[in-house]
Amino acid sequence: MIRTTARLTFRLHRFELAAVAIALLVLAAAALVVAMRLDAFGVPISCFSSYLSNGPAAATGASPSHCEQLVRPFFAVNEEEAGKVMAAMAVLPPLAGLLLGIPLVSREVESGTTAIAWSLTGSRWRWLLPRAALVAVVLLVLVAIPALAADRLEVARQPWIVADRSFTDIGLRGIPVVARAGVAFAVGLLVGAVIGRQLPALIVAAVVLVAILGAFAGVRLSLERAEAVVTAQPTASSQSDSTSADPGALFLDTLLRDASGALLRIDEAAARAPTGTDPQQWAFDHYETVVLMTPGDRYPMIAWREAALLGGVALVLVGLSLVVVERRRPT
Amino acid sequence: MTLDHLPPAARLPLRLHRLELVALAAVATALVAGALVVAAQLDGLGVPTACFLPTPDPSAAPPTGLDCRGVNAFWDMAGISTSSLRPLAAVFPFLVGLFLGVPLVGRELETGTARLAWSLSPSRTRWLLGRLGPLALVTLALLVPVALSMDRLEAASNPAVDPWRSFSDSAQRGLTMIGWGMAVLGIGTLAGAVLGRQLPALMVAGLVCVAAWIVVDEGTTRWMSAEAVPLSSQSDMLGARWLDMRFRDLATGELLTATEFASHVPPEYRTDGDWQAAHFQSISFGIPGSRYREVDVVIGGIAVAIGAASLRAAAAVVSRRRP
């Protein structure tokens, strides 16, 4: 029974599955190739720390010209090639989720085959769940490949940071990418089931997905602010040391601290400035500048929490899809 | 006015695509309204045009009597159009063409209605033209207001230069934008006719459109590079399409490309701007803004020709394929 359903499902969606698989595997291969190209430069970490703190002219790890010759092409490849791979990581996995989720129900409704399919099966849930589960598993496995490759690329593009303790490119690599694809799949499934036509469903699902991910970004920011730590603002002279202490931290805000230890936004502190002074300058002169940040070593926990929350959203959407399929007319 | 007021020949194709049309019309309305509102707000700031004209020394204070205090607010507001409206305007012709072109034949084939429709129509080509005509008109009706409103936004956000004499954001407005919408409509129709399934056709048509855009962009850039002229002053650069930087060796008078220039500079002077300025003169090459209309017509015409060729191929496929 399961084998028959699997064969039928893969046959019905073979073009989308093949296209998505090719696109995701090409993306993973691109990430690994770019990572190898970046590794091949063999830039010493000392060149990076000098470059990042003082600019290219002062890259003094070995001799200045040697560092500069290594660092410039490294950053050119990093920006031109790795940047494009990461941009594709933002678009392709959610698009893959939509393209596999939408036709599962809407194609059958649009072509009128649900009338007979739903009348032959004992339960519409039993008709939908195995199909959705099979396609979802294939999607998540396929998306996991470029997600892991992007993690590897992150190691190569910022060798001065431990990638699994860094918020850089969060959402573009690792488990959150897989979770986003899962949400996109569930959104596509639900919207396809409601609208029952593939192309209009694609338009609506894309809008709904952007809205859900936008709202989720707001929730994530609120959570991160609630859990953030306050540290002293690094001075210009200690910038490079501070950067190397926790370069993967997620910077959230710059605040000011008064003598009692209370934290103020810059505009709140500036409002206390006496007339006749530059309010912002006065605030910075009279209060201690601190930064609100999430330490980089919290990245794994936050990435998995994000994935779990998105996974919960996806499950709710799949549940709603089941309700819609149970109740809607088959045409 | 509802669809019932339209002649039957136009009513059916529009009714079949009503969901796509509603969604695309909503996007078009948002783009037109957004562009006109931002343009009106930019105009309302009342920053004198002279504040945007290039000066020999950009760090110098503005001339006496010229109030340029609103320039920062102007750029903040203009940034809204850059971050939100222009990216959407850039993809809008592709969305219109794909979402109207792909289902034109692809949906009929996928749902099996092509068999009956083609058996009732004396000619499949006439059937296709009957469906295509109203959709092509709707495509134009969606794209022309967006293209014109983006021209209006361009005029407001770059007050120093006439938008009809400027290559700035040229892909998101004018005939180029409209032409690409028609090209994608043709490519989408062809992909739908060949594959007979909507989502696969959408993916394939999307890839073909990107490839066609890259080829046309590369071809027109080469054509313009062959006709590029030196842009010797700041006013020459206004509205121009910058294409290349070349370097004149002040000792020999030889004109060097960027690669040749790099090989002429000794390694110890690669980061020494003063030494380079003393030995080489950098010269920008490009197409002056006065040729914008000509280039816009050429690119728009090429895109329309791609669309026409795709539709001709789609008609051939429709007349020969099994329903």
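Refer to the structure printed above.
Residues numbered from 1 in each chain as written. Chains lettered and ligands numbered in written order. Predicted model: local features only at pLDDT ≥ 70, side-chain atom pairs only at ≥ 80, totals over all residues. Heavy atoms only, no water.

Each helix and strand in chain A was counted, giving twelve helices and four strands. Since a compact globule built from 331 residues should have a radius of gyration of about 20 Å, the 25 Å found for chain A marks it as more spread out than a globular shape. By its C-alpha atoms, chain A is 75 × 50 × 30 Å across when sized along the principal axes. A total of 331 residues make up chain A; the buried ones form 45% of that total. Across chain A, every contact between residues at least 6 apart in sequence was considered, and the portion connecting residues at least 24 apart equals 80%. As displayed, chain A has an accessible area near 15,600 Å², and 65% of this comes from carbon and sulfur atoms. (Helix = DSSP H or I, 4+ residues; strand = E, 2+ residues; numbered from the N terminus. Rg over C-alpha atoms; globule rule 2.2 N^0.38 Å. Buried < 20%, exposed > 50% of the residue type's maximum accessible area, 1.4 Å probe, protein only. Contact = heavy atoms within 4.5 Å. Areas by Shrake-Rupley, 256 points an atom, 1.4 Å probe, with all protein chains shown as cover.)

Moving on, we come to the interface of chain B and chain A. At the junction of the two partners, chain B supplies 19 residues and chain A supplies 18 residues. Of all residues in chain B, Arg197(B), Leu199(B) and Met203(B) bury the most surface against chain A, accounting for 33% of the area lost on that side. At the boundary of chain B with chain A, the tally comes to two salt bridges. With a closest N to O distance of 3.1 Å, Glu110(B) and Arg107(A) form a salt bridge. Of all elements in the fold, only helix 2 (18-44), helix 3 (71-111) and helix 7 (198-226) of chain B reach the threshold of two or more residues within the side of chain B that touches chain A. Residues belonging to the side of chain B that touches chain A are distributed by class as follows: eleven nonpolar, three polar and five charged. (Buried area = accessible area lost by both parts, 1.4 Å probe. Salt bridge = Lys/Arg side-chain N within 4 Å of Asp/Glu carboxyl O. Nonpolar A, V, L, I, M, F, W, Y, C, P; charged D, E, K, R; others polar.)

Compared with the 39 Å implied by 1.5 Å per residue over 27 residues, the 38 Å span of helix 2 of chain B between its first and last C-alpha is a close match. By the burial criterion, the buried members of helix 2 of chain B are Glu20(B), Leu21(B), Leu24(B), Ala28(B), Leu31(B), Val32(B), Gly34(B), Ala35(B), Val38(B), Ala39(B) and Leu42(B). Those residues of helix 2 of chain B that are buried lie in contact with helix 8 (198-227) of chain A together with helix 1 (8-16), helix 3 and helix 5 (124-157) of chain B. Just past helix 2 of chain B, the residue Gly46(B) takes up positive phi, approximately 65 degrees. (Expected span 1.5 Å × (residues − 1).)

Residue and element names in this part refer to chain A. Position of arginine 157 among the secondary structure elements: in helix 6 (residues 124-157). Look at arginine 157 and you get buried, because its relative accessible area is 13%. Side-chain polar atoms of arginine 157 contact the side chain of aspartate 169, separated by 2.9 Å. Not counting chain neighbours up to four residues away, the residues in contact with arginine 157 comprise Leu38, Phe74, Asn78, Ala82, Gly83, Met86 and Asp169. (Polar contact = N/O pair within 3.5 Å; in protein donor to acceptor, adjacent residues only side chain to side chain.)

Turning our attention to a nonpolar patch on the surface. All names here are of chain B. On the surface, Leu137, Leu140, Val144 and Leu148 cluster together into a nonpolar patch covering about 340 Å² of accessible area. Tracing the sequence through the fold places valine 144 in helix 5. Accessibility expressed as a relative area gives 33% for valine 144, which makes it partly exposed. (Patch = residues over 30% accessible without salt bridge, like charges linked within 9 Å, V, L, I, M, F, W, Y side chains within 5 Å.)

What follows is about empty space enclosed by the protein. Residues and elements named next belong to chain A. Tallying each qualifying case throughout the model produces one cavity of 30 Å³ or more. Empty space within the largest cavity amounts to approximately 30 Å³. Around the largest cavity, the lining residues are Phe216, Arg220, Leu223, Ile302, Arg305, Glu306 and Leu309. Broken down by secondary-structure element, the contributors of at least two residues to the lining of the largest cavity are helix 8 and helix 12 (299-327). Among the elements that make up the lining of the largest cavity, the one with the highest residue count is helix 12 (four residues). (1 Å grid on protein atoms, 1.4 Å probe; cavity = no way out; pocket = protein on both sides within 12 Å on 5 of 7 lines; lining within 4 Å. Points joined across faces, edges and corners; volume = space filled by probe spheres on them.)

This next bit is on the state of the cysteines. Residue and element names in this part refer to chain B. All chains considered together, the criterion is met by one disulfide over all chains. The partner cysteine of cysteine 51 in its disulfide is cysteine 68, sulfur to sulfur 2.0 Å. Sign of the S-S torsion, about -95 degrees for the bond between cysteine 51 and cysteine 68, identifies this disulfide as left-handed. Remark: cysteine 68 occurs in the loop between helix 2 and helix 3 and cysteine 51 occurs in the loop between helix 2 and helix 3; sequence separation between them is 17 residues. (Disulfide = S-S within 2.5 Å.)

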